[in-house]
Amino acid sequence: MSDPEASERRLRATKRLLDRALNEIEREGRTGVRRVRGTATPDAELVEDDATLAALTAQEDGDAAPAAVALRTTSAATATDDMPTVAVPLGEIASGVSRRRFVRRRRLHMTNPVKALARKVVIAAFGVWIKVSTSLVRRLNWFPSVKSYVGYGTEEYSRLVCRTIYAPTRAKPHTPMRGIHAMLEVPAAHERVRIDIDDVPLKTVQVGTMEVYDPMDPSRSQTMDYSISDSAGYLDLLAEHRLRPGIHTISCMVPRRPPVEAELFTIPSDTKVGVISDVDDTIMVTQVPTVWKAAYNMLLLSPHKRASVPGMAVMYNKIRAMFPNAPFFYLSTSPWNVESQIRGFITDYGFPDGPLLLRDLDPRPKTFVPSGVQHKLEYAEQLMEDFPDMKFILIGDDGQKDPTTYAQIVRRYPGRVLAIGIRQLSPREAGGGLVSMTGFATTQPVPDTDVPVFTGATGANMMKTMLPYLEQFV
């Protein structure tokens, strides 16, 4: 075959990929999603069945319609995020206690054509890179391995995440490495993974979707000897498995590899206080608002040279001493690829151990990569539903969107947040003299909420006012 003919075939194949991606985006926008007009609430409703859609359409057009329509409640991104989101049904939690449902309205209009085209190109390019890199590592005789991440759960069920990737024969799954190496990991799609908890095989699981809140639903549970990873190599599992409170051991294994272990935090259902903490620029110096510094720190800096925000480890351990049973959830927009680096940092600097809730940057299994706000709201919803009697302390920084995100959580879950701590970045950290990632302001103002907000440039500054306030809840 001549070179012009080969080039023409590649162009036609690329065009088919782009057309298919555009059709999927357009089809998502038409699948029963209607914006309900004429309401004053900031939240939204996603209509997913034909009967409800017809009723709401009639109501909008002035026809007779029921005063109230039973809608399946969903989880969505914030109203300011124009990225299409995935509708997620909210079910009863495992205890059977009915919780307040939140119904949010999503804008009907589609993403503008330029963004849609950019997303198609990114998804197509990512798919090409995966095919090329997979072919390369197979020629190098690499074969699938598994990385097991720290999980958490209640006495009734556990949430587990692991990932299958290609690796050399002698690779060690949890060895900290520079970010650039971790970001180039090649996913091993659709691999069989066997999971044990405390050496007991896990056979009944509910397979979830990454970046989406999945409530416990026994009707969705499957019984099998192994689970199969998705196209990005991830396995997001919800296991109905009674355990005593404490730290247990998860063991994941794929063929031709030894088992890989991780911790599983089983949290007592009567725990009253928990902590949700950001990572970048809250406990670990990253300088996210300054593009080049953030890129260097995340991708090129040795994981053993990462710096801790002064005083934050001391403050966290004082909170742990004040609330001995309080779990610490590290909720970050960093990708799962760097989980081992962050885990090592938490251990090295003496922060309380706890689950990491990170982000999946593979755009293919979803519409696109979820925004940082969407990611944090989704996990906040998951934690609120998993622990309905727990109240939370939220700690973040003003370099990204933590203030506004935490304010939304307070409004969405009234009475569930005890306090907010916002670490204030210095001018050098926030700007660095270069263009900010936000485009205009490098930091955000203190959120306006009904919950006390404590600020400070270091942990020592913040704990002076925050810890005395928290003493009343001991």
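Residues numbered from 1 in each chain as written. Predicted model: local features only at pLDDT ≥ 70, side-chain atom pairs only at ≥ 80, totals over all residues. Heavy atoms only, no water.

The name given to the protein chain in an unreviewed UniProt entry is ABC transporter ATP-binding protein, with Bifidobacterium italicum as the source organism.

**A look at the overall build of the protein chain**
We count it as follows: Note on conventions: DSSP H or I runs of at least 4 residues are helices, E runs of at least 2 residues are strands, and numbering of each starts at the N terminus. Here, two residues are considered to be in contact whenever any of their heavy atoms come within 4.5 Å of each other. The Shrake-Rupley method, run with a 1.4 Å probe, gives the accessible areas here. Residue values count only the displayed protein chains as cover.
Tallying secondary structure elements over the protein chain gives eleven helices and 17 strands in all. Of the contacts formed within the protein chain by residues at least 6 apart in sequence, a portion of 74% connects residues at least 24 apart. If you sum the accessible surface of the protein chain, you get close to 22500 Å²; carbon and sulfur atoms cover 56% of it.

**Overview of the packing of aromatic side chains**
One pair of aromatic rings is described through two measures. These are the centre distance and the angle between the planes. To be explicit about the condition: The rule is short: rings of Phe, Tyr and Trp, with Trp giving its six-membered ring, pair when the centres are within 6.5 Å, and they are stacked under 30 degrees, edge-to-face over 60, tilted in between. Summary of the burial criterion: residues with accessible area below 20% of their type's maximum are buried, those above 50% are exposed, and those between are partly exposed, where the area comes from a 1.4 Å probe applied to protein chains only. Two conditions define a charge located above a ring, namely a distance within 6 Å from the ring centre to NZ of Lys or CZ of Arg, and an angle within 35 degrees of the ring normal.
The full count for this structure, using the stated rule, is eleven aromatic pairs. Measuring from ring centre to ring centre gives 5.5 Å for tyrosine 469 and phenylalanine 473, while their planes differ by 70°; the resulting arrangement is edge-to-face. For tyrosine 469, a relative accessible area of 23% translates into the label partly exposed. Put simply, the rings of Tyr316, Phe328, Phe345, Tyr349 and Phe351 pair up and form one aromatic cluster. Its guanidinium or amino end placed over the ring of tyrosine 226, arginine 192 lies 5.0 Å from that ring's centre, counting from NZ or CZ. Just above the ring of phenylalanine 143 sits the side chain of arginine 257; from NZ or CZ to the centre is 4.0 Å.

**Re the sheet that holds strand β13 (residues 328-335)**
Note the threshold: Whether two strands pair comes down to DSSP finding at least two bridges between them. Helix axes are fitted only over the stretch in contact, all axes being lines through C-alpha atoms; the angle between N-to-C directions runs from 0 to 180 degrees.
Spatially, the six strands line up as an open sheet ordered β14-β13-β12-β15-β16-β17, and their pairing is parallel. The open sheet has two free edges, formed respectively by β14 (356-359) and β17 (453-456), since each of these has just one partner strand. On average, each strand axis in the sheet is tilted by 15° relative to the strand beside it, whichever way the strands run. Pairing between β13 and β14: three bridges, direction parallel. Along β14, the bridge assignment pairs leucine 331 with leucine 357. Each of β12 (273-277), β13 and β15 (391-397) is contacted by helix α6 (residues 312-322), which is oriented at about 180° to β15, the strand it contacts most. With respect to the sheet, helix α7 (residues 339-348) is in contact with β13 and β14, its orientation differing from that of β14 by roughly 145°.

**As for the side chain of serine 229**
Which entries qualify depends on this criterion: Here a polar contact is taken to be a pair of N or O atoms separated by no more than 3.5 Å, where protein atoms must pair a possible hydrogen donor with a possible acceptor and residues adjacent in sequence count only if both atoms sit in side chains.
Note on placement: serine 229 falls in the loop between β8 (227-228) and β9 (234-240). Owing to a relative accessible area of 2%, serine 229 belongs among the buried residues under this scheme. In this structure the side chain of serine 229 is engaged in a polar contact, spanning 3.4 Å, whose partner is the backbone oxygen of alanine 188. A distance of 2.9 Å separates a polar side-chain atom of serine 229 from the backbone nitrogen of glutamate 191. Setting aside chain neighbours within four positions, we find serine 229 in contact with Thr164, Ala188, Ala189, His190, Glu191, Tyr234 and Leu235.

**Brief notes about the packing of α6 against helix α11 (residues 459-470)**
Where we set the bar: In these notes the angle categories are as follows: under 35 degrees is roughly parallel, over 145 is roughly antiparallel, 65 to 115 is roughly perpendicular, and the rest is oblique. Put simply, a crossing is left-handed when the front helix is turned counterclockwise from the back one by less than a right angle, and right-handed when it is turned clockwise. Each residue is assigned to one of three groups, with Ala, Val, Leu, Ile, Met, Phe, Trp, Tyr, Cys and Pro labelled nonpolar, Asp, Glu, Lys and Arg labelled charged, and all others, Gly among them, labelled polar.
One can describe the packing of α6 onto α11 by two numbers: an axis separation of 9 Å at closest approach and a directional angle of 15°. Comparing the axis directions of α6 and α11 gives the class roughly parallel. As α6 packs across α11, the resulting crossing turns out to be right-handed. Judged by residue contacts, Met312, Val314, Met315, Lys318, Ile319 and Met322 of α6 engage Gly459, Met462, Met463, Met466, Leu467 and Leu470 from α11. Classifying every residue of the contact of α6 with α11 by side-chain character gives ten nonpolar, one polar and one charged.

**Thoughts on helix α3 (residues 113-139)**
Defined as follows: Multiplying 1.5 Å by the helix residue count minus one yields the expected span of that helix.
If you check α3, its first and last C-alpha atoms are 39 Å apart, about what 27 residues at 1.5 Å a residue would give, namely 39 Å. Listed as buried for α3 are Ala116, Arg119, Lys120, Ile123, Ala124, Gly127, Ile130, Ser133, Thr134 and Val137. Count one or two residues on from α3 and you reach asparagine 141, which has phi positive near 65°.

**With respect to the side chain of threonine 282**
Mapped onto the elements, threonine 282 comes out in the loop between β12 and α5 (291-300). Threonine 282 sits in the buried class, given a relative accessible area of 0%. Ignoring sequence-local partners within four residues, the contact set of threonine 282 consists of Ser277, Val309, Met312, Tyr316, Ile395, Gly396, Asp397, Asp402 and Arg423.

**As for the nonpolar core**
Soluble, globular proteins show a tendency: their nonpolar side chains are buried together. Definition in use: Residues belong to a common nonpolar core when they are buried Ala, Val, Leu, Ile, Met, Phe, Trp, Tyr or Cys residues joined through side-chain atoms within 4.5 Å. An automatic or database domain assignment supplies the start and end points of every domain.
One finds Ile319 and Ile393 to be the most contacted residues of the largest nonpolar core, which totals 66 residues. In this structure, this core is formed jointly by two domains, domain 1 (144-266) and domain 2 (273-473), each of which donates at least three residues. The contacts of isoleucine 393, once residues within four sequence positions are left out, are Val273, Gly274, Val275, Ile276, Ile319, Phe323, Leu418, Ala419, Met466 and Leu470. Counting residues in each nonpolar core, the second largest holds 17 residues, with Ile195, Leu235, Val254 and Val260 among its members.

**Some thoughts on a nonpolar patch on the surface**
Rule in force here: For patches, a residue must show more than 30% relative accessible area and have no salt bridge; joins then use 9 Å for like charges and 5 Å for nonpolar side chains, namely Val, Leu, Ile, Met, Phe, Trp and Tyr. Between Lys or Arg on one side and Asp or Glu on the other, a salt bridge is scored when a side-chain nitrogen of the former is within 4 Å of a carboxyl oxygen of the latter.
A contiguous nonpolar patch, built from Leu136, Leu140 and Trp142 and spanning about 290 Å² of accessible area, is present on the exposed surface. Take tryptophan 142: it is sitting in the loop between α3 and β1 (143-148). On the accessibility criterion, tryptophan 142 (30% relative accessible area) is partly exposed.

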